[in-house]
Amino acid sequence: MKKLTVFTPTYNRAYCLHVCYESLKRQTSKDFVWLIIDDGSTDNTEQLVAGWISENEIQIRYHRQENQGMHGAHNTAYRLIDTELNVCIDSDDYMPDGAVEQINTFWELHGSEHVSGIVGLDSFTDGRIIGTKLPENMKRSTLFQLYSKHGVTGDKKLVYRTALTREHPYPIFENEKYVGLAYKYYKLDEQYELLLMNEVLCCVEYLPDGSSMNMLKQYRKNPRGFAFYRKELMKLPFASSPFKFRQSIHYVSSSLTSGNRNFMKETPAKLLTLLAIPLGVLLYWYVMRKTSVT
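Residues numbered from 1 in each chain as written. Predicted model: local features only at pLDDT ≥ 70, side-chain atom pairs only at ≥ 80, totals over all residues. Heavy atoms only, no water.

Before we move on, can you summarise the overall build of the protein with the specific residues and values?
The number of helices and strands found in the protein is twelve helices and eight strands. In terms of overall dimensions, the protein is globule-like: its C-alpha atoms have a radius of gyration of 20 Å, near the 19 Å expected for 294 residues. When the backbone C-alpha atoms are referred to their principal axes, the protein occupies close to 55 × 45 × 35 Å. For the protein, the accessible surface area stands at approximately 14100 Å², while carbon and sulfur atoms represent 51% of it. When the 35 positive and 33 negative side-chain charges of the protein are each reduced to one mean point, those points stand 9 Å apart. (Helix = DSSP H or I, 4+ residues; strand = E, 2+ residues; numbered from the N terminus. Rg over C-alpha atoms; globule rule 2.2 N^0.38 Å. Areas by Shrake-Rupley, 256 points an atom, 1.4 Å probe, with all protein chains shown as cover. Lys, Arg positive; Asp, Glu negative; His and termini not counted. Charge placed at Lys NZ, Arg CZ, Asp CG, Glu CD.)

Next up, the structure:
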């Protein structure tokens, strides 16, 4: 059995998915499975992938589903993956030629059931590291502490043990397509640390149709998903009061967007949420104004 699954959620990305495929064909180790979750594409993704499967260059699994958004595609991937480890490489990203070999070798040397997985680096396509590197003097940390305590910035690449990623599935809200993926990562932080690996595992290109480039629109279109995410972050036992207050502001804003009048009853941090209402109202109006159709 392969050790690693590289999974790629995709939606109408046939025009760029080949870049990821070509990078996987160039891997110095073929000890991986590429799992493609087609989240209801209406382009020629299915036919494209069928051609790649027939080439038999790498092991490919393809699963098509009705569109559920990125978090729904992640739910499906975690349900289908049967390897020990998994890593998500988005449809507009690709892996350096030695990334799979580096992951597998690093895990063989340092991996155990006492950690949740590995955190590595993302880079831009020109080789520049996104944000900062990981602390050189540390071997383990939670993801939350890396950002909140150790000054790490920028997107990082996460390789998780599959047995753990099946836990804490993302909720699906009717007519919404977004829940913050970090919900699962911070839940795993409550029990495990990640191994730190200062190697680039993914090269990232932020395309104009990507979710990260359209966050304000996502914010308005998926208020229940965002409110759920902020509410869960307020529950984190290791989070500071200022962090929870920022989540409260967003929780108020998203609750107003969804028309949820019971948000004060449902919040896990009543005093912070009460204090956050004025700023939450301002954020609500800001988002409404920025995303209004003129």
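Which residues make up the side chain of aspartate 189, and what values go with them?
Inspection of the secondary structure puts aspartate 189 in helix 7 (residues 182-189). Put simply, aspartate 189 is tucked away with no salt bridge, and the nearest opposite charge, on lysine 187, sits 11 Å away. Among the polar contacts listed, one links the side chain of aspartate 189 to the backbone nitrogen of phenylalanine 144, at a separation of 2.8 Å. (Buried < 20%, exposed > 50% of the residue type's maximum accessible area, 1.4 Å probe, protein only. Salt bridge = Lys/Arg side-chain N within 4 Å of Asp/Glu carboxyl O. Polar contact = N/O pair within 3.5 Å; in protein donor to acceptor, adjacent residues only side chain to side chain.)

Could you give an account of the pattern of salt bridges, naming the residues involved and the relevant values?
Applying the stated rule across the entire model yields nine salt bridges. With a shortest N-O distance of 3.1 Å, arginine 224 and glutamate 176 are connected by a salt bridge. Highlighted residues: arginine 224 in helix 9 (residues 223-234) and glutamate 176 in the loop between helix 6 (162-165) and helix 7, separated in sequence by 48 residues. Note that lysine 235 is salt-bridged to glutamate 232, the shortest N-O span being 3.0 Å. Since its relative accessible area comes to 44%, lysine 235 is described here as partly exposed. What makes glutamate 232 buried here is its relative accessible area of 10%.

Give me the lowdown on helix 12 (residues 270-291), citing residues and values where you can.
For helix 12, the principal kink sits at isoleucine 277 and spans about 50°; a proline, proline 278, occurs within the next four residues. Along helix 12, the positions that sit buried rather than exposed are Thr273, Ala276, Gly280, Leu283, Tyr284, Val287, Met288 and Thr291. Tucked into the core, helix 12 has its buried residues touching helix 8 (215-221), helix 9, helix 10 (241-258) and helix 11 (263-266). (Bend = angle between axes of the 7 residues up to and from the residue. Contact = heavy atoms within 4.5 Å.)

Before we move on, can you summarise the packing of aromatic side chains with the specific residues and values?
Scanning the entire structure with this criterion turns up 15 aromatic pairs. Judged by centre distance (4.3 Å) and plane angle (15°), the rings of tyrosine 21 and tryptophan 52 are stacked. Here tyrosine 21 is found in helix 1 (residues 17-25), whereas its partner tryptophan 52 is found in helix 2 (residues 45-55), with 31 residues between them in sequence. Given the relative accessible area of 1%, tyrosine 21 is considered buried. (Phe/Tyr/Trp six-rings, centres within 6.5 Å; stacked < 30°, edge-to-face > 60°.)

Explain the side chain of lysine 244 to me, using residue names and the numbers behind them.
If you trace the backbone, lysine 244 turns up in helix 10. No salt bridge is formed by the buried lysine 244; its nearest oppositely charged neighbour, glutamate 190, is found at 9.5 Å.

Tell me about the pairing of strand 2 (residues 32-38), residues and numbers included.
Along strand 2, seven of the seven residues are buried, which leaves the element largely enclosed by surrounding structure. Burial of strand 2 is two-sided: the residues Phe32, Trp34, Ile36 and Asp38 facing one way and the residues Val33, Leu35 and Ile37 facing the other way are all buried. The pairing of strand 1 (residues 4-10) with strand 2 spans seven bridges and is parallel. By the bridge assignment, leucine 4 is partnered in strand 2 with phenylalanine 32. Running through helix 1, the crossover from strand 1 to the neighbouring parallel element strand 2 is right-handed. (Pairing = 2+ DSSP bridges. Right-handed = clockwise from strand over helix to strand, strands pointing away.)

I'd like to hear about the packing of helix 10 against helix 12, residue by residue, with values.
Interaxial distance between helix 10 and helix 12 falls to 7 Å at its minimum, and their mutual angle equals 55°. As far as their axial angle goes, helix 12 and helix 10 are oblique. The element helix 10 and its partner helix 12 pack so that their crossing is right-handed. In this structure, helix 10 contributes Ser241, Lys244, Phe245, Ser248, Ile249, His250, Tyr251, Val252, Ser253, Leu256 and Thr257 to the contact, and helix 12 contributes Leu272, Thr273, Leu275, Ala276, Ile277, Leu279, Gly280, Val281, Leu283, Tyr284 and Met288. Taken together, the residues of the contact of helix 10 with helix 12 break down into 14 nonpolar, seven polar and one charged. (Axes fitted to C-alpha atoms, helices over the stretch in contact; angles between N-to-C directions. Parallel < 35°, antiparallel > 145°, perpendicular 65-115°, else oblique. Left-handed = near helix turned anticlockwise from the far one by under 90°. Nonpolar A, V, L, I, M, F, W, Y, C, P; charged D, E, K, R; others polar.)

How would you explain the packing of helix 1 against helix 2 if you had to name every residue and give the values?
In contact at an axis separation of 12 Å, helix 1 and helix 2 are set at 15° when each is read in the N-to-C sense. When the axis of helix 1 is compared with that of helix 2, the two are roughly parallel. As helix 1 packs across helix 2, the resulting crossing turns out to be right-handed. Counted together, Leu17, His18, Tyr21 and Lys25 of helix 1 and Thr45, Val49, Trp52 and Glu55 of helix 2 form the full contact between these two elements.

Go over the sheet that holds strand 7 (residues 156-161) with me, naming the residues and quoting the values.
Within the open sheet, the eight strands sit side by side as 3-2-1-4-7-5-8-6. Their pairing is mixed. Either end of the sheet is taken by a strand with one partner, and the two such strands are strand 3 (60-64) and strand 6 (140-141). Here strand 2 runs beside strand 3; their pairing, made up of five bridges, is parallel. Bridging across to strand 3, isoleucine 36 finds its partner in tyrosine 62. Along the sheet, helix 1 makes contact with strand 1, strand 2 and strand 3, crossing strand 2 at roughly 170°.

By themselves these figures say nothing about function.
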